[in-house]
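Structural description and commentary
The residues making up each chain are set out below.
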Amino acid sequence: MKSPLEILQQHFGYDSFRLEQASAIDNAIAKKDSFVLMPTGGGKSLCYQIPALVLEGTAIVISPLIALMKDQVDALRINGISAAFLNSSLSGLEQNETLNQLKQGKLKLLYVAPEKLSADNGAFLNLLNEVDISLFAIDEAHCVSHWGHDFRPDYLFLNGLKRQFPKTPIIALTASADEITRQDIIKQLNLHEPLVLISSFDRANIKYFVQPKQSVFNHIAQYLNEHPNDSGIIYCLSRKGTEDMANNLKENGVNAAFYHAGISAIERAKVQDDFIKDKIRVMVATIAFGMGIDKSNVRFVIHADLPKNIESYYQETGRAGRDGLPSEAILFYSNADVMKLKKFAMIEGNEEQSTLMLQKLQQMSEFAEMQKCRRQYLMEYFGEKHDGNCNSCDYCLSDFENWDATIDTQKLLSAVYRLKERYGKNLIIDFLRGSKGVKITDYMRSLPTYGIGANANKTYWQDLIKQLIINGFLRESNEEFPVLKLTEESNLVLFKHKKVNLRKVKEQAKAVSVTELDTDYSAHQFDSHEDLFAKLRTLRREIAERENVPPYVVFSDATLLELSTYLPHSKEELSQISGFGAFKIEKYGEIILPSIVDYCIKNNLTTKIAEKKPKKQSTPKKEKTYEAGTFTTTYQMFKAGNSIEEIAKTRSLSLNTIQNHLVNFVEVGKIKPGELMDINKIEPIISIAKNQAIQSLKAIKEELGDDFSYFEINIAVAYHKLQVRG
Ligand code: ADP
Ligand code: ZN
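Along each chain, numbering runs from 1 in the same order as the chain's sequence is written. Chains carry letters from A onward and ligands carry numbers from 1 onward, assigned in written order. Local features in a predicted model are, by the rule used here, given only for residues with pLDDT of at least 70; side-chain atom pairs are given and counted only at 80 or more, and totals for whole chains, interfaces and linings are based on all residues. Heavy atoms from the whole structure form the basis of all side-chain values; hydrogens and water molecules are not counted.

1. Side note on the overall build of the chain
Runs of E in the DSSP output that reach at least two residues are strands. Runs of H or I that reach at least four are helices, and both are numbered from the N terminus. For the chain, the count of helices and strands is 33 helices and 17 strands. Based on the C-alpha atoms only, the size of the chain along its principal axes is roughly 90 × 65 × 60 Å. Counting the 726 residues in the chain, one finds 53% classified as buried. The contacts of the chain with a sequence gap of at least 6 include a subset with a gap of at least 24, amounting to 72%. Residue burial is assigned from relative accessible area. The probe radius is 1.4 Å, only protein chains are included, and a residue is buried under 20% of its type maximum, exposed over 50%, and partly exposed in between. We call two residues contacting when some pair of their heavy atoms lies within 4.5 Å.

2. Let's talk about the sheet that holds strand β7 (residues 195-198)
Overall, parallel pairing links the seven strands, which are arranged β3-β4-β2-β5-β6-β1-β7 in an open sheet. Unpaired on one side and paired on the other, β3 (83-86) and β7 mark the two borders of the sheet. Along the sheet, successive strands turn relative to each other by an average axial angle of 15 degrees, direction set aside. Pairing of strand β2 (residues 58-62) with strand β5 (residues 133-138), which is carried by five bridges, proceeds in the parallel orientation. Bridge assignment links A59 to a residue of β5, and that residue is L135. Axis angles are defined between N-to-C directions and span 0 to 180 degrees, where every axis is a line fitted to C-alpha atoms and, for a helix, only to the segment in contact. The sheet strands contacting helix α3 (residues 44-54) are β1 (34-37), β2, β4 (109-112), β5 and β6 (170-174), and the helix crosses β6 at an angle near 160 degrees. Strands in contact with helix α4 (residues 66-78) are β3 and β4; relative to β3, the strand with the most contacts, it is inclined by about 165 degrees. A pair of strands counts as paired when DSSP detects no fewer than two bridges linking them.

3. Section: the site of ligand 1
If a single non-hydrogen atom of a residue is within 4 Å of a molecule or strand, that residue counts as near it. Around ligand 1, the structure places 16 residues, and the nearest of them are Y14, G41, K44, S45 and R322. Here an oxygen atom of ligand 1 sits 3.1 Å away from a polar atom, N or O, in the main chain of G43. Values of accessible area rely on a 1.4 Å probe in the Shrake-Rupley scheme; residue burial ignores everything except the protein chains shown. Look at ligand 1: alone it shows 570 Å² of surface, and the protein chains cover 85% of it. Definition of a polar contact: a pair of N or O atoms within 3.5 Å, with one able to donate and the other able to accept a hydrogen when the atoms are protein atoms, and with sequence-neighbouring residues admitted only if both atoms are side-chain atoms.

4. Describing helix α21 (residues 458-470)
In this scheme, a helix's expected span is set at 1.5 Å multiplied by one less than its residue total. Taking 1.5 Å per residue as the helical rise, α21 with its 13 residues ought to reach 18 Å, and the 19 Å between its terminal C-alpha atoms agrees with that figure. Along α21, the positions that sit buried rather than exposed are W461, L464, I465, Q467 and L468. Along the axis of α21, the buried positions cluster into a sector of 165 degrees, meaning they face one direction only. In the core, the buried residues of α21 are packed alongside β14 (399-404), α18 (406-418), α19 (425-432), β15 (474-476), β16 (484-486) and β17 (501-507). Looking at where α21 begins, the residue whose side-chain oxygen comes 3.4 Å from the main-chain nitrogen of T459 is N457. Among the residues trailing α21, G472 stands out with phi positive, at a value near 80 degrees. Each C-beta atom gives one direction from the helix axis, and the arc is the one those directions make.

5. Thoughts on unusual backbone geometry
In this structure, K31 takes a positive phi of about 65 degrees despite not being glycine. With respect to the element layout, K31 can be found in the loop between α2 (19-29) and β1. Residue N604 is not a glycine yet carries a positive backbone phi of 55 degrees. By the secondary structure assignment, N604 is in the loop between α27 (582-602) and α28 (628-639).

6. A look at the confidence of the model for the chain
A score between 0 and 100, pLDDT records how confident the predictor is in each residue. Across the chain, pLDDT averages 87, with 94% of residues at or above 70. In the model of the chain, α28 stands out as the element of lowest mean pLDDT, 73, in contrast to strand β12 (residues 300-303), which has the highest, 98. Counting interchain partners and residues more than four positions distant, the pLDDT-below-50 stretch residues 513-525 has 29 contacts. Counted against residues more than four places away or in other chains, residues 616-628, with its pLDDT under 50, gives 43 contacts.

7. Concerning the packing of helix α31 (residues 682-690) against helix α32 (residues 697-704)
Where α31 contacts α32, the two axes come as close as 10 Å, and the packing angle between them is 125 degrees. As summarised for this structure, α31 and α32 are arranged oblique, according to the angle between their axes. Considering only the axes of α31 and α32, their crossing is right-handed. Seen from α31, the contacting residues are P684, I685, I688 and A689; seen from α32, they are I700, E703 and L704. Residue classes follow a fixed rule: Ala, Val, Leu, Ile, Met, Phe, Trp, Tyr, Cys and Pro count as nonpolar, while Asp, Glu, Lys and Arg count as charged, and any other residue, Gly among them, counts as polar. By residue class, the composition of the contact of α31 with α32 is six nonpolar, no polar and one charged. Here the word oblique covers every angle except those under 35 degrees (roughly parallel), over 145 (roughly antiparallel) and from 65 to 115 (roughly perpendicular). Left-handed describes a crossing in which the near helix is turned anticlockwise from the far one by less than a right angle; the clockwise case is right-handed.

8. Let's talk about the coordination of the zinc ion (ligand 2)
Protein coordination at the zinc ion (ligand 2): the donors are C373 (SG), C390 (SG), C393 (SG) and C396 (SG), at 2.3 to 2.4 Å from the metal. Donor residues for the zinc ion (ligand 2), ordered by position in the chain, follow C-x16-C-x2-C-x2-C. On the basis of relative accessibility, which here comes to 0%, the residue C393 falls in the buried class. For Na, K and Ca the donor cutoff is 3.2 Å, while for all other metals N, O and S atoms count as donors only within 2.8 Å; water does not appear among the atoms, so some sites may look incomplete.

9. Observations concerning the domain arrangement of the chain
Each domain's extent is set by a domain assignment, obtained either automatically or from a database. Segmenting the chain into domains produces domain 1 (4-198), domain 2 (206-347), domain 3 (399-507), domain 4 (525-615) and domain 5 (630-725). The C-alpha centroid of domain 4 is placed 59 Å from the C-alpha centroid of domain 3.

10. Topic: the nonpolar core
Working definition of a nonpolar core: buried Ala, Val, Leu, Ile, Met, Phe, Trp, Tyr and Cys residues. They are joined through side-chain atoms within 4.5 Å. Of all hydrophobic cores here, the largest spans 105 residues; its most connected members are I60, F124 and F367. Once you skip the residues sitting within four places of it in the chain, F367 turns out to touch V210, I310, Y313, L331, R374, Y377 and L378. In terms of nonpolar packing, the next biggest core, distinct from the first, is built from 34 residues, F12, L46, I50 and A113 among them.

11. With respect to the sheet that holds strand β9 (residues 232-235)
With respect to topology, six strands assemble into an open sheet ordered β8-β13-β12-β9-β11-β10, the strand pairing being parallel. If you trace the sheet from one side to the other, it starts and ends with β8 (206-212) and β10 (256-259), each paired once. Each strand axis lies, on average, 15 degrees off the axis of its neighbour in the sheet, ignoring direction. When β9 meets β12, the two strands line up parallel, connected through four bridges. Bridge assignment links I234 to a residue of β12, and that residue is I302.

In structure tokens, the structure reads:
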């Protein structure tokens, strides 16, 4: 029997597993149930595809996205794996053919649409009794739960699966599940003592930018100009917005199309297909576009208008960079958008819902306006801890200077105080600047604070208020017309002479600018040969067209990038390229190699494969959680006697990252908890963790309070996992 790693290398051409993949795979091979929560692009598919190849029999994969099913099956077949799918797009004849293959045990994987489960009163599941089934994989598992955002009644047929097939392991996978949904999925599917694997949701290869919404079209046109080879999505709020933008772009020579719910289904399917097949470079769309788009080489997602909440923003930006290569998310922000969306958020007759929507919108605008690491905000929004300093958002990439804002803050806070915390920012500013407007009453004019802020203009005070809110010196009430309120921090400034030091952007990092950022991966970061890259891309498109599959199914951008960087000259050398398994080398080696060799002869180059050893993961260096090498370095430095701070400094990584590395070694027993923390603190943590159906560090932290750090909780939980596994 081949090992999972051998299969990974031979069939998929990858060098090593990502962190949670290995655990999920081992667990399935041991015939146990698992629940896998991983972000989009995290690599969920391999979690069941590899066990499917190791185990005897056929793996049944339930997946609701019919469009993706064919892609997945195509991708498996291209890697020499026998797979098929069953859904309503097939004729009766084709379905019978597939069922025959299933009965004869010829399939390693069978993808099935959920409607097949309910058809003929569950006839399909009964049929499976006669077949040797290796495992069940339930993709988009949140569809089984009413709590999830995409409940599908057909998924309820999966309730009985465990009873009917008690010995067959089930892997439930999803990229979107909050705590309640997670628990519900496990319950609905009757998973038996499942291994719960939750990956970080940090998409380290996506850079986040927010820019003021001014001359948006020009900025976008410039961006596209600066990234001539990149494909991506531009989201607009309205249908008309998408049409105008797309037409404008086309007039400027950009290969763009628009997509919204108002165009015919046939036309929609066509532009979507063209986008996936790299025939359309830029898709301008409303939020109707994206669900079930698996295109891995989306390099940028631009929001020309504000999304209505962080969830949508994160999901939409998450469509970038599934192949792990550097990608960008750019949001154009204006306060006018917030006003517009506010109107939509107000649902007549449903106050509760309206309040919630308004609150979510408020958070969205807070995200856009704040002066703080964007990634940190996002991670914390989704309940994960992050130190900030991600070094890949506009905030972290900007230049700052400190300034002493104490005096103006005192003026502002006293105005709020004098006016008894009853007014919004506009009135406070008018009052401070000594406005003669009607809203300023005679009483207000008689107060000593009236007019003490006339030294600065309105924008200045607006910015200061924003900064103070972000830094906790003020807060805004949660009403339709928010008023400014004092906080504990403001009292320290007003009454205890606390100083206020704020940071001011000296030079803001922008996505759209020619010089500052090293974002053009093909030109700089990897030192690849751009013209060869372009040539190989054309070749890939030809192959894809011939085989009628999307180009990224043939090779990912990551693979093309490695080819045009390391210039392999032989099949032997090809095997070192990420994404080239034995099967693909045989199938495409002779098509690809001549192009590379030709190119080298013409340009007087030779192979650089020696510079690339061992095979590198397709994930970029920054992706913290996944790369084995970086963990090992931390481990070795730690064992050599360096402190966490020292390691972080030497490696230019955050403390948080180093701590996470070390926790992983606790989990495999290579570092003892006592080497990292006070061992007396372990027991209290474990006793709470034990009683949780699903591990939530946040819940543990809440219960234990400030005496316990996340790091300590992490260590104890890791240690507990080690003990449980024995
Ligand atoms: P998900 O279903 O979680 O969104 P996929 O399973 O589609 O993610 O994987 C995303 C991309 O990452 C795919 O291109 C896949 O081939 C690649 N990938 C997955 N696991 C690995 C790995 N261990 N090494 C390199 N690339 C991987
Ligand atoms: Zn950041």
